[in-house]
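# Examination of the molecular architecture
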Amino acid sequence: MVGGSVPVFDEIILSTALMNRVLSFHSVSGILVCQAGCILEELSRYVEERDFIMPLDLGAKGSCHIGGNVATNAGGLRFLRYGSLHGTVLGLEVVLADGTVLDCLTSLRKDNTGYDLKQLFIGSEGTLGVITAVSILCPPKPRAVNVAFLGCPGFAEVLQTFSTCKGMLGEILSAFEFMDAECMQLVGRHLHLASPVQESPFYVLIETSGSNAGHDAEKLGSFLEHALGSGLVTDGTMATDQRKVKMLWALRERITEALSRDGYVYKYDVSLPVERLYDIVTDLRARLGPHAKHVVGYGHLGDGNLHLNVTAEAFSPSLLGALEPHVYEWTARQQGSVSAEHGVGFRKRDVLGYSKPHEALKLMQQLKALLDPKGILNPYKTLPSQA
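Residues numbered from 1 in each chain as written. Predicted model: local features only at pLDDT ≥ 70, side-chain atom pairs only at ≥ 80, totals over all residues. Heavy atoms only, no water.

Right, let's talk about the pattern of salt bridges for a bit. Two side chains of opposite charge can pair, provided their charged atoms sit close to one another. Within the structure shown, the criterion is met by 14 salt bridges. The salt bridge partner of R285 is D180, with a shortest N-O separation of 3.1 Å. Residue R285 is located in helix α11 (residues 279-288), and its partner D180 is located in strand β7 (residues 173-180); the two are separated by 105 residues in the primary sequence. R285 sits in the partly exposed class, given a relative accessible area of 29%. A residue is classified by how much of its surface remains accessible, and D180, at 1% relative accessible area, is buried. The residue K368 makes a salt bridge to D372 at a minimum N-O spacing of 2.7 Å. By the burial criterion, K368 is buried, and D372 matches it. (Salt bridge = Lys/Arg side-chain N within 4 Å of Asp/Glu carboxyl O. Helix = DSSP H or I, 4+ residues; strand = E, 2+ residues; numbered from the N terminus. Buried < 20%, exposed > 50% of the residue type's maximum accessible area, 1.4 Å probe, protein only.)

A few words now on empty space enclosed by the protein. Over the atoms, a rolled probe matching the size of one water molecule traces out where space is still vacant. All told, the structure shown has one cavity of 30 Å³ or more when counted by the stated rule. If you trace the largest cavity, you find it lined by P55, L56, A74, G75, R78, F79, G83, S84, L85 and T88. Tallied by class, the residues present in the lining of the largest cavity amount to five nonpolar, four polar and one charged. (1 Å grid on protein atoms, 1.4 Å probe; cavity = no way out; pocket = protein on both sides within 12 Å on 5 of 7 lines; lining within 4 Å. Points joined across faces, edges and corners; volume = space filled by probe spheres on them. Nonpolar A, V, L, I, M, F, W, Y, C, P; charged D, E, K, R; others polar.)

Contact geometry of helix α6 (residues 155-169) with helix α8 (residues 213-229) gives a least axis separation of 10 Å together with a crossing angle of 145°. Regarding α6 and α8, the two cross each other, and that crossing is right-handed. Side by side, α6 and α8 meet where T161, T164, C165, M168 and L169 of the first sit next to K219, L220, S222, F223 and H226 of the second. A breakdown of the residues in the contact of α6 with α8 according to their chemical character gives five nonpolar, four polar and one charged. (Axes fitted to C-alpha atoms, helices over the stretch in contact; angles between N-to-C directions. Left-handed = near helix turned anticlockwise from the far one by under 90°. Contact = heavy atoms within 4.5 Å.)

A separate point is a nonpolar patch on the surface. Where nonpolar side chains cluster on the molecular surface, the patch consists of V8, F9 and Y380 and spans about 270 Å² of accessible area. Relative to the helices and strands, Y380 resides in the segment after α14 (358-371). (Patch = residues over 30% accessible without salt bridge, like charges linked within 9 Å, V, L, I, M, F, W, Y side chains within 5 Å. Areas by Shrake-Rupley, 256 points an atom, 1.4 Å probe, with all protein chains shown as cover.)

Within strand β11 (residues 294-300), seven of the seven residues are buried, leaving the element largely enclosed by the surrounding structure. Two elements, β7 and β11, share two bridges in a ladder whose sense is antiparallel. Along β11, the bridge assignment pairs F178 with G299. Linking β11 back to strand β12 (residues 305-312) in an antiparallel pair, the connection comprises four residues, with G304 at a positive phi of about 70°. (Pairing = 2+ DSSP bridges.)

Two aromatic rings, taken as a pair, are described by how far apart their centres are and by the angle between their planes. One pass over the structure, following the stated rule, counts 16 aromatic pairs. Each ring, one from Y264 and one from F315, has its centre 5.4 Å from the other, and the planes form 70°; the classification is edge-to-face. Linking Y264 in strand β10 (residues 264-271) with F315 in the loop between β12 and α12 (317-323), this pair joins segments that are 51 residues apart in sequence. Residue class for Y264 comes out partly exposed when judged on its relative accessible area of 34%. Under the relative-accessibility criterion, F315 is labelled partly exposed at 43%. By way of ring pairs, the aromatic residues F155, F178, F202 and Y278 are connected into one cluster. One cation-aromatic arrangement involves R50 over Y46; the distance from NZ or CZ to the ring centre is 3.7 Å. (Phe/Tyr/Trp six-rings, centres within 6.5 Å; stacked < 30°, edge-to-face > 60°. Lys NZ or Arg CZ within 6 Å of the ring centre and 35° of its normal.)

In this section: the nonpolar core. Core analysis: the largest hydrophobic core is formed by 46 residues, its most contacted members being F178 and I206. With six residues, α6 is the largest single contributor of residues to this core. For I206, the residues in contact, after removing those within four places along its chain, are N146, V147, A148, L150, C165, L169, L173, A175, F176 and F223. (Core = buried A, V, L, I, M, F, W, Y, C linked by side-chain atoms within 4.5 Å.)

What follows concerns the sheet that holds strand β4 (residues 101-104). Pairing in this open sheet of five strands is antiparallel, and the strands run β1-β2-β5-β3-β4 from one edge to the other. Each having just a single partner strand, β1 (22-25) and β4 make up the two edges of the open sheet. Across the sheet, the mean angle separating the axes of adjacent strands is 10° when strand polarity is ignored. As defined by bridge partners, strand β3 (residues 89-95) adjoins β4 across four bridges and the pair is classed as antiparallel. Residue E93 lies in a different strand from β4, and its bridge partner there is D103.

Mapped onto the elements, T88 comes out in helix α4 (residues 85-88). Those residues in contact with T88, other than ones at most four positions away along the chain, are P55, Y82, S135, I136 and L137.

This brings us to the pairing of strand β5 (residues 130-137). In terms of residue burial, β5 counts as a mostly covered element, since seven of its eight residues are buried. Strand direction decides the pairing type here: strand β2 (residues 31-35) and β5, joined by five bridges, are antiparallel. If you follow L32 over to β5, its bridge partner there is I136. Bridging between β3 and β5 involves six bridges; their strand directions are antiparallel. Bridge assignment links V95 to a residue of β5, and that residue is V130.

Another point: the sheet that holds β10. The strand order β9-β6-β8-β7-β11-β12-β10 describes an open sheet built from seven strands, whose pairing is antiparallel. At either end of the open sheet lies a strand with only one pairing partner, and these are β9 (235-239) and β10. Recorded for the sheet is a direction-independent mean angle of 15° between the axes of neighbouring strands. Across five bridges, strand β6 (residues 144-152) lies against β9 in antiparallel orientation. Looking at β9, one finds that A148 is bridged to M238.

Everything listed is a geometric property; what it means functionally is a separate question.
Written out as C-alpha cells, the structure is:
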C-alpha cells in the first residue's frame, strides 16, 4: 500500500519466515508468545483450537507475519472491539541496529517500570529495530457471532445507526463497517456478488460477538426492529450460520479486489472525525468529474477510518495532481491523519507534516539517529526525506 516493505534502491531483504514457532501459550490468561515469522492465520487457528482468538484480523491473514503486523501497527476488522496493537502487545524481543538483542518479551499485563520501550517499535515499520518475537494478549473466543447487513438512505442515517448501535448493542458490538452504493455496484459487476438487501445509497455491516447466543440474537433483533421502525435502515438481513456470515463479510472484504479490476486505483487511507468521514468523497466527485471512473468510500466507520479510492482507465499525472496534495490538505483541515492503518513507508514519508507538528518529526528523527546512527534499518522509509 505504501511501499514500507518494498526495496527501492540498494536494500538487502531480511526474511523472518523461518522464525515461525509458537514459544508458549497460557490457557488461563490467553497470552501467546511466538516468533515474528508466524503467519497470522496459522496463529488464529492455533489459539482458536484453545478457545481464544487473535485480537487482529485482516484480509492478508493468510500470508502476513505477526512481526510485520506489529511493526506496521496493523489495524483491521477487530479494532473497534479490541483496540490497537499498542494495547494488546505485552512485550517484544527486538534486535537493534548494532546487534544488541533487546529482550522486553514480558507476559505481564501491568508493568509500570520506566519507559515502555516496546511502544517505540510498534508501528515503526522496522526503522528502529527488527522485531523477532512477540507477546500478545488474546481475547476469549466468542461463543456466538451474528452479522447484520443493512441498507441506509443517507450518510446521516449511517451515523445515527452507529450511535444507536453503540447504545443498544454495547459490549457485544465487534465491528461496524460501511460502504457506499458504488462499492456495491463494483463488487456486483466485477466479482458477481449479489446484494442481499434492496438497492440503497449506503450499506452497513454490523457484527456482534458474545457468550450467549440467545441473549445476543435478542439484542440484535431488538436493534434491527428499532432501526427499521425509525427509518434509519430501509432493508436488512441477519446471519448466524458460518456460511452466510462469510458471504456477508465478503461484500465488504472484497471491495479492494473489485476496485483493482476496475482500472488504475489511487488509494488513500485516512482517519477523520466520523461526522465528516464521507464529505471528502462528495468533494472529490465534484472536483474530478468525468476525469475519474469511480470515487468510492468505505471502511471502518467505528474507528473513523475511511478507505478513499479513485479509479481511472490508466495512471494519469494530471489526475494525481488533482488528488495530491488536495486530499492531504483536506484531511489536515479536519485534524485528521493521512494514514489510519496502512503506515507511512516510502510513499507517504513526505506528507507526514500534514498530520504531525514539526517538533514531533524532529523528535522522531532524533530517535532514529540514536537507535540507528548508520541508517541501515529500512532506509528511505517512514521519516521525511528532508529534515
